[in-house]
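Fold and contact review
For reference, the chains in residue letters:
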Amino acid sequence: MDLIIRGGRIIDPGHFDGEADLYINEGRIAALKPGGGTGEAEKSVKVIAARGKIVAPGLIDLHVHLREPGEEYKETIASGCRAAVAGGFTAVCAMPNTHPPNDCAQVTEFILERAQSAGAARVYPVAAISPGLAGKGLTPFYELAAAGAVAFTDDGLPVANSLLMRRALEYARGAGCPVIAHCEDPLLSADGAMNEGPTATRLGLRGIPNVAESAMVQRDIALAGLTGGKLHLAHVSTREAVDAIRIAKSQGVAVTAEAAPHHFTLDDEAVCDYDPNMKMYPPLRTAADRDAIRQGLADGTIDAIASDHAPHSSIEKQLEFDLAANGVIGLETSLPLALKLVHDGVLSLPRLVELMACHPARIIGVPCGLQTGMPADITIIDPDAVFTVSADNFRSQSRNTPFEGWTLKGRATTTIVAGRVVFALDD
Amino acid sequence: MGGMRHKHILDMASLSDADIRMILDTAVRMKEISRRPIKKVPTLRGKTVVQFFYEPSTRTKSSFDLAAKRLSADSLSFSKATSSAVKGETLLDTVQNIEAMQPDVIIIRHGSAGAPHFLAHHCEASVINAGDGMHAHPTQALLDLMTVREKMGRLRGLDLLIVGDIAHSRVARSNIVGFQKMGAHVTVCGPPTMMPIGIEQMGVKVAPSLDDAIGGADVIMMLRIQKERQAQFLMPDEREYAAVFGLNLERLQKASDDVLIMHPGPMNRGVEIAPEVADGPYAVILEQVTNGVAVRMALLYLVLGGK
Ligand SMILES: [Zn+2]
Ligand SMILES: [Zn+2]
């Protein structure tokens, strides 16, 4: 035996929920012994005391921009992976809009090599739908999947061409992967800097209407219905999109969706001071949209919480609001903000584990769970640890968080990947 | 009377009705200076006023320039063409460079909403917003308030009708806020494509037709319409705009007998306003320009500690 996690509340949705000791050997789960909490271990065995803590399957963030290759001044694969494990994530999905983009097997392999040598979180590359993210053709899905890509997306540059989206859903079905859609009608969102509505009107900023997202969500759901392809909707931000997904699921369409912590925590009033760290795409919406996202997370309409971690330096952010880049970082605040939903009574803890571990794993087709024989990817969470968010303490290279100075309750204390402790919070 | 509580003049929303009254009263005193044979007082001698114009403007810039000169302040202006903005320097860099020269007041016009607020966060000098994107143009609203108060003797209870592209207009936004603070009622009118979503939440009434709205107005403010709007499908052409939303003599017959016609300029004669209306007895467009200098003198004086 290499490691024993003793006395925590183990939450492995669908399999086990209760106090137990978890035994890990050679990178895998060796045994789960209910009750537990005491007993002698051999001197050579590392023991983690987890009483009062949650022991969950490793969290997976489906939507992360690691910026390497090409924009290493914002984030590298190594710094992003260190931020991930500090935030409790054992794995992240790397979006393809790098320079060059991940549109060929060489880039996919490069990402995996860098992740390997970083030795922190696992990285699951998501490859581009179209070469150069140009929306003009298909990348070699089969070759990319063989190299390690788990899904396809042109995130950041929505697929405006409906025929290309149809073909991508069909072709990805052959490669056994989902297509991740960043739903946006670029003509409706053109030049918008924030959510369209009374706040934008008062602030004199150009607005992005909800329909810029929901019209494309409707289109892509219809295309998923037509093709039988697996559709995953990125960063859902509007109540209309949540409604559309709810209906599609009731009709048996193979659609899944994620929501970002900033969208279930903040609303567009937060822009009032023209703070560029409140600028992201899709934008912060109204309180009604935020509440619809929370409801969708609670009732199963939305399957996953994903951060859309988007590092930018002061070069892109310390600017006039409408000129500043879209995006905020989220790896190191995602779990605490999700736990806030638990403390506020929106989610149960098992539901949180589903949203942040089981469902993300199922969407990209990777193993997840704490049953004997499974890879020992584990997140230990102290749900009551109070801390103040300070970007200066982040492992991420960038500082563009909208939550600076917030006091949050609950965070990861230990992150274990393949049986190895890759992050431990020093008390 | 106490002085100004505000270091910066960023928008009408951050001024109270008492602030506005003090600014207008001070502007009346300043206007008197402009009527003297020697239009200069030494009040701000030794003070430095820097103007940054990231958007073209002749009238606002020269108005501020005259205001500074009449109070004996040194004034210096940069416009986008002559400043480092064309070299890709960020706003923050530019401001920090200017700050190093210790100006007392920075006046900024910028195409981005919130740019003056950004500046105010990052510099020691007083910042006066001379127009930021579609957001605010407080000095315009103040000169409009001054003009109406001067002509009508009051602001409370008046009905202001603003006509045109409300969505893209900082003049409309600042006047909506300013006139309401002073107890006036505001109605807006224009093609639905130019009505921003949620405008009712700023407390205004939206009138679908100019013909219906015109009779109830004490003051009509016509906004400049921009040709580029056709490309964004906001209107078919200027001919139709003039026919439906333009202020011409025929339409003016429906207005009250002592109505005031205002325009922030520059005008498109024959589009939003017919020449006979612009030059007619109800128009106070040139008084607006005169009062603009007085209001800007008052603001420079007040932000620099005058009472
Ligand atoms: Zn996206
Ligand atoms: Zn993204």
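Just above, that's the structure.
Since the structure is predicted, the reported quantities are computational estimates derived from the model, not experimental observations.

**Description of the coordination of the zinc ion (ligand 2)**
Residue and element names in this part refer to chain A. The protein atoms that coordinate the zinc ion (ligand 2) are His 63 (NE2), His 65 (NE2), Asp 155 (OD) and Asp 308 (OD), at distances of 2.1 to 2.4 Å. Each of the 4 donor atoms around the zinc ion (ligand 2) contributes to a set of angles spanning 85 to 170 degrees, which defines the coordination as irregular. The distance between the zinc ion (ligand 2) and the zinc ion (ligand 1) comes to 3.4 Å, with Asp 155 serving as a donor to both metals. Each member of the pair His 63 and His 65 is classed as buried.

**Re empty space enclosed by the protein**
Residue and element names in this part refer to chain A. A complete count under the given rule lists 2 cavities of 30 Å³ or more for this structure. Approximately 60 Å³ is the volume found for the largest cavity. Surrounding the largest cavity, 15 residues form its lining, Pro 158, Val 159, Ala 181, His 182 and Asp 220 being those nearest its centre. Secondary structure elements with two or more residues in the lining of the largest cavity: β10 (179-181) and α7 (211-227). Top element by residues in the lining of the largest cavity is α7. It accounts for 3 residues. The residue inventory of the lining of the largest cavity, partitioned by class, reads 8 nonpolar, 2 polar and 5 charged. In the lining of the second largest cavity, the residues fall into 6 nonpolar, 4 polar and no charged.

**What about the sheet that holds strand β7 (residues 205-207) of chain B?**
By definition, the strands of a sheet pair up through backbone hydrogen bonds, in either a parallel or an antiparallel sense. Residue and element names in this part refer to chain B. On the basis of which strands lie adjacent, the open sheet formed by 5 strands has the order β7-β6-β5-β8-β9 and parallel pairing. Two strands in the sheet have a free side with no partner beyond their single neighbour: β7 and β9 (260-262). The average undirected angle you get between the axes of adjacent strands in this sheet is 25 degrees. The strands that helix α6 (residues 170-181) touches are β5 (159-163), β6 (185-189) and β8 (219-222); relative to β5, the one it contacts most, it runs at about 170 degrees.

**So, the coordination of the zinc ion (ligand 1)**
For the zinc ion (ligand 1), the protein coordination sphere consists of A:Asp155 (OD), A:His182 (ND1) and A:His235 (NE2), at 1.9 to 2.1 Å. In the primary structure, the donors to the zinc ion (ligand 1) are separated according to the pattern D-x26-H-x52-H.

**Quick look at helix α10 (residues 287-299) of chain A**
All names here are of chain A. The end-to-end C-alpha separation of α10 is 18 Å, in line with the 18 Å expected for 13 residues at 1.5 Å each. Within the sequence span of α10, burial applies to Asp 289, Arg 290, Ala 292, Ile 293, Gly 296 and Leu 297. Down the axis, α10 shows its buried residues gathered within 160 degrees of arc, on one side only. Packed against the buried residues of α10 are α8 (239-250), β14 (255-259), α9 (261-265), β15 (304-305), α12 (334-343) and α13 (349-364).

What counts as what
- Residues numbered from 1 in each chain as written.
- Chains lettered and ligands numbered in written order.
- Predicted model: local features only at pLDDT ≥ 70, side-chain atom pairs only at ≥ 80, totals over all residues.
- Heavy atoms only, no water.
- Donors = N, O, S within 2.8 Å, 3.2 Å for Na, K, Ca; no water.
- Tetrahedral: all angles 85-135°; square planar, octahedral: opposite > 155°, others 65-115°.
- Buried < 20%, exposed > 50% of the residue type's maximum accessible area, 1.4 Å probe, protein only.
- 1 Å grid on protein atoms, 1.4 Å probe; cavity = no way out; pocket = protein on both sides within 12 Å on 5 of 7 lines; lining within 4 Å.
- Points joined across faces, edges and corners; volume = space filled by probe spheres on them.
- Helix = DSSP H or I, 4+ residues; strand = E, 2+ residues; numbered from the N terminus.
- Nonpolar A, V, L, I, M, F, W, Y, C, P; charged D, E, K, R; others polar.
- Pairing = 2+ DSSP bridges.
- Axes fitted to C-alpha atoms, helices over the stretch in contact; angles between N-to-C directions.
- Contact = heavy atoms within 4.5 Å.
- Expected span 1.5 Å × (residues − 1).
- Arc of directions from axis to C-beta.

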